[in-house]
Amino acid sequence: MNPIKYLRIVMAVMLATMGPNVFAIDTAIATLELSGNVPTVFSLTARGLPGDLDLTPNVEVQNRLIGILHFKYNQDVDTITFESSTGSGMPENAAGDAYDFGTDFSVSITPDCFSIDEADITDVVLSAPVEAASDEARDLANNGGNGVIEDCHLTASWGGTTASLPLAGVYSMTITVTMVSQ
């Protein structure tokens, strides 16, 4: 008998005796476990606006935009503090003499700023540090629900000296805003 013919007969008999369960059904399962981390973001930058303070005698300035504070954070804020580089909280000359304003030099934050409690930074003379973090910024999970990205406008108001023309010179100050996380 031909070997190939013999092999075919043997295979046919084997298949006939095995029945319908010759080939088992296979199952394969693959799983992917995915995870990721949201990085901690805690950033505060300031952009000043070009231009000098108008210190002309008898000129009154109300709510002049002096800078934009850019907040970006996704964790609770403990404090946001505003302070001046000068003890008087007003621009001073190189000798440490404050400019003789007719009215106080005061700063304010625009009312639509989530991060700052507006009541704390409205017409404030920065002769001492002022803490101004809002309750919402202190508890983002319950009050904000998300991280914060916002621009807040810082304005200043002042009146020129009502006295005689002041001595010439540069009067300056630095406003420092410090944000600390919980």
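Undergrad: I'd like a rundown of the sheet that holds strand β7 (residues 175–181), residues and numbers included.
TA: Taken in spatial order, the three strands make up an open sheet running β5-β3-β7, and their pairing is antiparallel. Sheet topology places β5 (130–131) and β7 at the edges, where each strand pairs with a single neighbour. Relative to β5, strand β3 (residues 77–84) runs antiparallel, the two sharing two bridges. In the strand pairing of β5, T81 is matched with E131.

Undergrad: Which residues make up the confidence of the model for the chain, and what are the values?
TA: Detailed reading of the predicted coordinates is not advisable wherever pLDDT falls low. The share of residues in the chain with pLDDT of 70 or more is 88%, and the mean pLDDT across the chain is 86. Between the elements of the chain, mean pLDDT differs from a low of 66, seen in helix α1 (residues 3–18), to a high of 96, seen in β3.

Undergrad: An account of the packing of aromatic side chains is requested, with residue identities and associated values reported.
TA: If you walk through the whole model with that rule in mind, you get six aromatic pairs. Consider the rings of F101 and F105, whose centres lie 5.7 Å apart with planes at 40 degrees: the pair is tilted. Each member of the pair, F101 as well as F105, is classed as buried. In textbook terms, an aromatic cluster arises when at least three aromatic residues are bridged by ring pairs, as seen for Y99, F101, F105, W158 and Y171.

Undergrad: Pulling in residues and values, what's your account of the environment of Y171?
TA: As for its position among the elements, Y171 is in the loop between β6 (148–159) and β7. The exposure class assigned to Y171 is buried, which follows from its relative accessible area of 16%. Along the backbone, Y171 and A94 are 77 residues apart, and their C-alpha atoms lie at a distance of 7.4 Å.

Undergrad: With reference to specific residues and values, describe the nonpolar core.
TA: Membership of the largest hydrophobic core comes to 32 residues, with the highest contact counts inside it found for F71, Y73, I80, F82, F105, I109 and I116. Counting only elements with at least two residues in this core, the list comes to β2 (60–73), β3, β4 (103–109), β6 and β7. No other element matches β6, which puts five residues into this core.

Undergrad: Would you mind going over the pattern of salt bridges in detail, with residue names and values included?
TA: Scanning all chains against the criterion turns up two salt bridges. With a shortest N-O distance of 3.6 Å, D151 and R47 are connected by a salt bridge. Taken as a pair, D151 in strand β6 and R47 in strand β1 (residues 42–48) lie far apart in primary sequence, 104 residues in all. Judged by its relative accessible area of 39%, D151 is partly exposed.

Undergrad: Go over a negative patch on the surface with me, naming the residues and quoting the values.
TA: On the surface, a cluster of negative charge is made up of D112, D117, E118, D135 and E136. Mapped onto the fold, E118 is located in the loop between β4 and β5.

Undergrad: Can you break down the layout of surface pockets residue by residue, with the values?
TA: Rolled over the atoms, a probe sized like a water molecule indicates the empty space that remains. If you add up the space inside the largest pocket, you get close to 480 Å³. Taken together, 25 residues line the largest pocket, and the ones lying closest to its centre are G48, L53, I66, M173 and I175. At the level of elements, β1, β2 and β7 are the ones that each hand at least two residues to the lining of the largest pocket.

What counts and how
- Residues numbered from 1 in each chain as written.
- Predicted model: local features only at pLDDT ≥ 70, side-chain atom pairs only at ≥ 80, totals over all residues.
- Heavy atoms only, no water.
- Pairing = 2+ DSSP bridges.
- Helix = DSSP H or I, 4+ residues; strand = E, 2+ residues; numbered from the N terminus.
- pLDDT = per-residue confidence, 0-100.
- Phe/Tyr/Trp six-rings, centres within 6.5 Å; stacked < 30°, edge-to-face > 60°.
- Buried < 20%, exposed > 50% of the residue type's maximum accessible area, 1.4 Å probe, protein only.
- Core = buried A, V, L, I, M, F, W, Y, C linked by side-chain atoms within 4.5 Å.
- Salt bridge = Lys/Arg side-chain N within 4 Å of Asp/Glu carboxyl O.
- Patch = residues over 30% accessible without salt bridge, like charges linked within 9 Å, V, L, I, M, F, W, Y side chains within 5 Å.
- Areas by Shrake-Rupley, 256 points an atom, 1.4 Å probe, with all protein chains shown as cover.
- Lys, Arg positive; Asp, Glu negative; His and termini not counted.
- Charge placed at Lys NZ, Arg CZ, Asp CG, Glu CD.
- 1 Å grid on protein atoms, 1.4 Å probe; cavity = no way out; pocket = protein on both sides within 12 Å on 5 of 7 lines; lining within 4 Å.
- Points joined across faces, edges and corners; volume = space filled by probe spheres on them.

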